[in-house]
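# A structural walkthrough
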Amino acid sequence: MSNPYNRHYRKESYFGQPYPGLVDFFESYPERNVVLDLGCGQGRDALFLGGIGYRVVGVDISDVGIEQLNKAAKQEKLQVEGVVADISSFDITNEYDIVLLDSMFHFYKNDVEKETRLLRRIMEEIKPGGLVCNFMQKGNEREEKLKSIIKESGVPFEILLDGYTDYPEFDAEFHMYIIRKLKQE
Ligand SMILES: C[S@@+](CC[C@H](N)C(=O)[O-])C[C@H]1O[C@@H](n2cnc3c(N)ncnc32)[C@H](O)[C@@H]1O
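Anyway, here's the lowdown on the structure attached to this text. Note that the structure is predicted; figures quoted are calculated from it, not measured.

Now for the environment of Arg121. By the element assignment, Arg121 lies in helix 5 (residues 112–125). Once the C-alpha coordinates of Arg121 and Val59 are considered, the two residues, 62 residues apart in sequence, prove to be 16 Å apart. When neighbours within four sequence positions are excluded, Arg121 is seen to be in contact with Ile87, Ser88, Ser89, Phe90, Asp91 and Ile92. Side-chain polar atoms of Arg121 contact the backbone oxygen of Ser88, separated by 3.3 Å. Engagement of the side chain of Arg121 in a polar contact is seen with the backbone oxygen of Phe90, the distance being 2.9 Å.

As structure tokens, this is what we get:
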């Protein structure tokens, strides 16, 4: 079965621009380090981050999205590289300081196991001091689910941001949850 996003990505900037809340957070974050954007799509976030000085590796199963991202990164001479791969088995090595997930979790019945496995693995594999930045559509149940998976991972963390951002192009609100993994005592 072909990836449905390959069809969506025939349209330029299918998901529009990065959310204002994402822009504010990353612009004011004091370090410009290495971001792993899991499920980066056409690279709306990866390219923005590259433009303000982060080095970014974007991973997506859509070869169409990754091709567009790599073309734009080359044109704009950014330190942004797109890789076609399955995020469910992509290693979160020590190379990465920040893991970004934008619109990747919904916790619908059919996906909840897979998404829980991914989130737990990210918590375990990201290095201490690393950030996990999740952006997803606002919703009490899914926000509680996200927080409970992170808490139940048993990995110590601190919350840097728990709030909402507008998503003007789609007239929606998105939840932002940004945490830092702490060293195990
Ligand atoms: C809702 S889109 C979000 C894209 C991007 N994060 C954004 O916000 O613009 C979901 C993306 O995840 C990708 N995706 C879904 N499952 C994946 C997997 N197992 N491995 C890699 N990419 C995946 C899809 O191809 C799609 O590009």
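Pairing within the open sheet is mixed, and its 7 strands lie in the order 3-2-1-4-5-7-6. Looking at the sheet topology across the chains shown, the edges are occupied by strand 3 (80–84) and strand 6 (157–167). Neighbour to neighbour, the strand axes of the sheet diverge by 15° on average, direction disregarded. Judged from the 4 bridges that link them, strand 1 (residues 34–38) and strand 4 (residues 98–102) form a sheet pairing that is parallel. Within the sheet, the bridge partner assigned to Leu36 lies in strand 4 and is Val99. Set on the sheet, helix 2 (residues 20–28) makes contact with strand 4, strand 5 (131–137), strand 6 and strand 7 (172–181); between it and strand 6 the angle comes to about 140°. Seen against the sheet, helix 4 (residues 63–75) touches strand 2 (55–60) and strand 3 and runs at an angle of roughly 160° to strand 3.

About the criteria used
Think of each chain on its own: its residues are numbered from 1, step by step along the sequence as written. Per-residue local features of the predicted model are confined to residues with pLDDT of at least 70, and side-chain atom pairs are confined, for both listing and counting, to 80 or more; whole-chain, interface and lining totals are unaffected and use all residues. The side-chain quantities take in all heavy atoms of the structure and omit both hydrogens and water. Numbering of helices and strands runs from the N terminus, with a helix taken as a DSSP run of H or I at least four residues long and a strand as a DSSP run of E at least two residues long. Any two residues having at least one pair of non-hydrogen atoms within 4.5 Å are treated as being in contact. Two N or O atoms count as a polar contact when they lie within 3.5 Å, although within protein this holds only if one can serve as hydrogen donor and the other as acceptor, and sequence-adjacent residues are included solely when both atoms are side-chain atoms. At least two DSSP bridges between two strands are needed for those strands to be called paired. Interaxial angle, 0 to 180 degrees, is taken between N-to-C directions of lines fitted to C-alpha atoms, where a helix line uses only the stretch in contact.

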